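Descriptive structure summary
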Amino acid sequence: MSENNSNLLSLIKARRSTRKFKQRPVEREKILQCIEAVRFAPSAEHSQPWRFLIVDDPAKKELLVKHAFSGVYSATRWAAKAPVLVVILAELDFLANRLGKQITGIHYYLIDIGIGGEHFVLQAQELGLGTCWIGWFSQKGVRKALDVPRKYKPTAILALGYPDVKKYQDKIRKEPAEMCWFNNFEK
Ligand SMILES: Cc1cc2nc3c(=O)[nH]c(=O)nc-3n(C[C@H](O)[C@H](O)[C@H](O)COP(=O)(O)O)c2cc1C
């Protein structure tokens, strides 16, 4: 393995979902560096469907938390203490996400958002920032709190900030043999 690859793997292995943050603000230059990493992500038909609404204003964040993480979604209330909430929205294009999806049945924008979002996450990791993907939120609530134009679909949220975690709990990871085959599904 080349040195570069092993550096990347170390960064990937060090990333963990962070749900507790220092109350230190996150520098906008660092957030913009994460956005720069998104720009170079691949996407179906180069559609680049990702859009980001970065919420670092405390009053705006409170409004977002109130509407996005209430009722059935209150399990996500911990995110209220993240200094930044990054709302990832999708703008669906015609070719990949309407025509392409109709033919193959694949929601390409979800793949694209996942890749772009993870570029953001890994760049954040390199900058010493912690993140957590959030899928458990009210789309309607996000729309209401942030006045989201109809053409943008709230698809995920990232909690972002400097981690306040001494030790992350170990997680059991699937072994390669449980999820990877060469050429056919026989062992
Ligand atoms: C698409 C997606 C949605 C997620 N939604 C939530 C969420 O709503 N709340 C939460 O606490 N964690 C959420 N997570 C974080 C996962 O629980 C976490 O990635 C997983 O348990 C593995 O732990 P690790 O990230 O520390 O490796 C989400 C992760 C992904 C990729």
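The text that follows walks through the structure, step by step, so that each part is easy to find. (Residues numbered from 1 in each chain as written. Predicted model: local features only at pLDDT ≥ 70, side-chain atom pairs only at ≥ 80, totals over all residues.)

What follows concerns the overall build of the protein. The helix and strand tally for the protein stands at 7 helices and 4 strands. Helices and strands in the protein line up, N terminus first, as α-α-β-α-β-α-α-β-α-β-α. What you see for the protein is a C-alpha radius of gyration of 18 Å, in line with the 16 Å of a compact globule of 187 residues. Each principal axis of the C-alpha distribution contributes one length, and for the protein these read about 55 × 45 × 35 Å. Taking all 187 residues of the protein together, 29% fall into the buried category. Taking the contacts inside the protein whose residues are at least 6 apart along the sequence as the reference set, 83% of them involve residues at least 24 apart. (Helix = DSSP H or I, 4+ residues; strand = E, 2+ residues; numbered from the N terminus. Rg over C-alpha atoms; globule rule 2.2 N^0.38 Å. Buried ≥ 20, exposed ≤ 12 C-beta atoms within 10 Å, placed from the backbone. Contact = placed C-beta atoms within 7 Å.)

Spatial ordering of the open sheet is given by β1-β2-β4-β3, a layout of 4 strands whose pairing is antiparallel. The open sheet has two edge strands with one neighbour each: β1 (50–55) and β3 (130–134). Averaged over all pairs of adjacent strands, the angle between their axes in this sheet comes to 25°, without regard to strand direction. For β1 and strand β2 (residues 84–90), the ladder comprises 6 bridges, and the chain directions are antiparallel. Counted as the bridge partner of F52 is I88 from β2. (Pairing = 2+ DSSP bridges. Axes fitted to C-alpha atoms, helices over the stretch in contact; angles between N-to-C directions.)

Lining the immediate environment of the ligand, one finds R16, S17, R19, T76, C132, W133, I134, G135, W136, A156 and K171. With 3 residues, β3 is the single largest residue contributor to the shell around the ligand. Here the shell around the ligand is composed, by residue class, of 5 nonpolar, 3 polar and 3 charged. (Near = placed C-beta within 6 Å. Nonpolar A, V, L, I, M, F, W, Y, C, P; charged D, E, K, R; others polar.)

Grouped together as the largest cluster of nonpolar side chains are 39 residues, with contacts concentrated most on L85, V87, L158 and L160. Taken together, the elements giving at least two residues each to this core come down to α2 (28–39), β1, α3 (58–68), β2, α5 (108–126), β3, α6 (139–146) and β4 (153–161). A per-element tally of this core places β2 first, with 7 residues. In this view, L158 contacts V86, I88, G117, F120, V121, T131, C132, W133 and I134; residues no more than four positions away in its chain are not counted. (Core = buried A, V, L, I, M, F, W, Y, C linked by C-beta atoms within 7 Å.)

Turning our attention to α3. Residues L64, V65 and A68 constitute the buried set of α3. Projected down its long axis, α3 shows its buried positions confined to an angular sector of 100°, all on one face. In the core, the buried residues of α3 are packed alongside β1, β2 and α6. (Arc of directions from axis to C-beta.)

Moving on to the packing of α2 against α5. Close contact between α2 and α5 brings their axes to 8 Å; oriented N to C, the two are set at 140°. Accordingly, the angle class assigned to the pair α2 and α5 is oblique. α5 is crossed by α2, and the crossing has right-handed handedness. Here Q33, C34, A37 and V38 of α2 lie close against α5, whose contacting residues are G116, H119, F120, Q123 and A124. Split by residue class, the contact of α2 with α5 holds 5 nonpolar, 4 polar and no charged. (Parallel < 35°, antiparallel > 145°, perpendicular 65-115°, else oblique. Left-handed = near helix turned anticlockwise from the far one by under 90°.)

Before going further, it helps to examine the environment of K20. With respect to the secondary-structure elements, K20 resides in the loop between α1 (3–14) and α2. For K20 and P58, which are 38 residues apart along the polypeptide, the C-alpha to C-alpha distance reads 17 Å. The contacts of K20, once residues within four sequence positions are left out, are D164 and V165.

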